Amino acid sequence: MSRVVHLVLEDDTVFTGESFGAQREGWGEVVFNTTMTGYQEVLTDPSYAGQMVALTYPLVGNYGINRTDFESRRIQASALIVRQHCDLPSHSTSDMTLHAFLEEYNVPGISGIDTRALTRRLRTSGVMMGLLTFDDPDTARQKLADLPRYDNLDLVSTVTTQDGYSWDGSETAGYPTTPPPAGVRRILVTDVGLKYNILRLLHSRGCEVVAVPATTPADVMLGMQPSGLLLSPGPGDPELLGDIVDNVRQLIGHVPIMGICLGHQLTARALGARTYKLKFGHRGGNHPVKDLESGRVHITAQNHGYAVDADNLPAGLEVSQINLNDNTVEGLRHRELPLFTIQYHSEASPGPKDNEYLFDRFLAMVDDAKPAGRSA
């Protein structure tokens, strides 16, 4: 039987609904996502670590959960907030309900609240901390005030792989110990919160794909003789990741680099750019991005709360794409080095797939570059 549960926000707003999933408290930064499908991919996206995700689409769970659409090993979001969840999914690949999925990974959920009102509040006031609780709201407010803030947490350390692995359709333990075969591109993916679809798309393009922990030293990575390096998406504030930024700085100029989302921000900071927090971030599958060279507009999938400051970019780095909703930076490229970055998710999953061409652009850059370990 469902229990009454409260979502308490740090501005003292309270939403009361029904508990589903794990019967426990949850807390984190409350954010909203505007995609209509793909709740399984959203829940397992490491970029949502430390966040309570509100889905704006009113009915969630109607096609169930399957065993193939995971984007990481587990649910990463700290809680799920929906208007209505479906207990009777209908899809040929469904293995379990959304409720059972949350229960399996010990993640709480709340349903039956006005997610439109919650979204309007976040758009007006900005993202804020929240607590999902069975306590009375007054008790919850004090508890929330004592909890750590999202902005102060190193969440990458909680989501990165502890051991490197190769990807051949699934994880295979261990690093390569020999040079890549002739004609094969060895792509290292730094796991600051990677989504499996990055690995799938690189592997489908004939690459030898190796995922490495976020703190892997630059000399270790270069010792693997990579053809290219992809810096993955991930959660949290890049300003807290100084050690990783320093490591990226040592790699720039020695291997072609593509950065996605947090990887984009880390690369920018490694080159001397600044980042800042957005009011309520970009999360969804319908964000328009304009390529400044071609003038073409792409519809993109996004999930980030921080952005690169376009003012006073370091020498050699230029803005290549912008967001048409708020003119924030969506892409950077270097005029001299084999390096480009994007703020959105070219791997999408759950979509749209419009920007998978960027993996081809990256691999073309890899093919044109000098061998790994030599300056560009």
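(A) Region of the structure containing the overall build of the chain. Tallying secondary structure elements over the chain gives ten helices and 20 strands in all. Over its C-alpha atoms, taken along the principal directions, the chain stretches across nearly 60 × 45 × 40 Å. Classification of the 376 residues of the chain by burial places 56% in the buried group. Considering only residue pairs separated by 6 or more positions, the chain has 74% of its internal contacts joining residues 24 or more positions apart. For the chain, the distance from the average position of its 32 positive side-chain charges to the average position of its 45 negative side-chain charges is 4 Å.

(B) Inspection of the pairing of strand 4 (residues 51-55) at higher detail. Within strand 4, five of the five residues are buried, which leaves it mostly tucked inside the rest of the structure. Where burial is concerned, the two faces of strand 4 agree: the one with Gln-51, Val-53 and Leu-55 and the one with Met-52 and Ala-54 are both buried. Pairing geometry for strand 3 (residues 26-33) and strand 4, over five bridges, is parallel. Bridging from a neighbouring strand, Phe-32 pairs with Ala-54 of strand 4. In this structure, strand 4 lies alongside strand 6 (residues 79-81), joined through three bridges in parallel fashion. By the bridge assignment for strand 6, Met-52 is matched with Ala-79.

(C) Representation of helix 10 (residues 357-368) within the structure. The terminal C-alpha atoms of helix 10 lie 17 Å apart, and with twelve residues this matches the ideal 16 Å at 1.5 Å per residue to within 8%. Buried residues of helix 10: Leu-358, Phe-359, Phe-362, Leu-363, Met-365 and Val-366, and no others. Along the long axis of helix 10, the arc covered by the buried residues comes to 155 degrees, so they all point the same way. Packing partners of the buried residues in helix 10 comprise strand 12 (186-191), helix 6 (196-204), strand 14 (228-231), strand 15 (257-260) and strand 20 (339-342).

(D) Fine view of the confidence of the model for the chain. Confidence in the prediction of the chain, expressed as mean pLDDT, is 95, and 98% of residues score 70 or more. Across residues 372-376, where pLDDT falls below 50, the model places twelve contacts with residues more than four positions away in sequence or in other chains.

(E) View of the pattern of salt bridges. Going through the model one piece at a time under the given rule, you end up with 21 salt bridges. Across the pair Asp-246 and Arg-249 runs a salt bridge whose closest N-O atoms are separated by 2.6 Å. With Asp-246 and Arg-249 both in helix 8 (residues 242-251) and three residues apart, this pair spans about one turn of that helix. Put simply, Glu-293, Glu-318, Arg-333 and Arg-335 are held in one network by salt bridges that share partners.

(F) Broad picture of the pairing of strand 1 (residues 4-9). In terms of burial, strand 1 is largely enclosed, as five of its six residues are buried. Of the strand pairs in this sheet, strand 1 and strand 2 (residues 14-21) are connected by five bridges, and their pairing is antiparallel. Counted as the bridge partner of His-6 is Thr-16 from strand 2. Connecting strand 1 to the antiparallel partner strand 2 that follows it, the hairpin turn spans four residues, and Asp-12 within it adopts a positive phi of roughly 80 degrees. Looking at chain direction, strand 1 and strand 9 (residues 128-133) are connected through four bridges and run antiparallel.

(G) Examining the sheet that holds strand 13 (residues 208-213) more closely. Ordered in space as 11-10-13-12-14-15-20-19-18-16-17, the eleven strands form an open sheet in which the pairing is mixed. Lying at the two open borders of the sheet, with one neighbouring strand each, are strand 11 (171-173) and strand 17 (297-308). If you compare each strand with its neighbour and ignore which way they point, the axes differ by 25 degrees on average. Relative to strand 11, strand 10 (residues 165-167) runs antiparallel, the two sharing three bridges. Residue pairing for strand 11: Trp-167 is matched across the bridge by Glu-171.

(H) Representation of a nonpolar patch on the surface. A cluster of nonpolar residues, Met-36, Tyr-57 and Leu-59, forms a patch on the protein surface that exposes about 280 Å² of accessible area. Looking at the element boundaries, Tyr-57 is found in the loop between strand 4 and strand 5 (59-60).

(I) Up close: the nonpolar core. Core analysis: the largest hydrophobic core is formed by 29 residues, its most contacted members being Val-156, Val-192, Leu-229, Ile-244, Ile-257 and Leu-266. For this core, the secondary structure elements donating two or more residues are strand 13, helix 7 (218-223), strand 14, helix 8, helix 9 (262-270) and strand 19 (329-334). Setting aside its immediate chain neighbours within four residues, Ile-244 contacts Val-156, Val-192, Ala-214 and Leu-266. Of all hydrophobic cores here, the second largest spans 27 residues; its members include Val-189, Ala-211, Val-289 and Val-366.

(J) A look at unusual backbone geometry. Across the junction of Gly-351 and Pro-352, the peptide omega takes the value 5 degrees, indicating a cis bond. When you line up the elements, Pro-352 lands in the loop between strand 20 and helix 10. The phi dihedral of Asn-106 falls on the positive side, at around 60 degrees, and the residue is not glycine. Within the secondary structure, Asn-106 is located in the loop between helix 2 (98-104) and strand 8 (108-111). The class for Asn-106 is partly exposed, based on a relative accessible area of 45%.

Parameters at a glance
Residues numbered from 1 in each chain as written. Predicted model: local features only at pLDDT ≥ 70, side-chain atom pairs only at ≥ 80, totals over all residues. Heavy atoms only, no water. Helix = DSSP H or I, 4+ residues; strand = E, 2+ residues; numbered from the N terminus. Buried < 20%, exposed > 50% of the residue type's maximum accessible area, 1.4 Å probe, protein only. Contact = heavy atoms within 4.5 Å. Lys, Arg positive; Asp, Glu negative; His and termini not counted. Charge placed at Lys NZ, Arg CZ, Asp CG, Glu CD. Pairing = 2+ DSSP bridges. Expected span 1.5 Å × (residues − 1). Arc of directions from axis to C-beta. pLDDT = per-residue confidence, 0-100. Salt bridge = Lys/Arg side-chain N within 4 Å of Asp/Glu carboxyl O. Axes fitted to C-alpha atoms, helices over the stretch in contact; angles between N-to-C directions. Patch = residues over 30% accessible without salt bridge, like charges linked within 9 Å, V, L, I, M, F, W, Y side chains within 5 Å. Areas by Shrake-Rupley, 256 points an atom, 1.4 Å probe, with all protein chains shown as cover. Core = buried A, V, L, I, M, F, W, Y, C linked by side-chain atoms within 4.5 Å.

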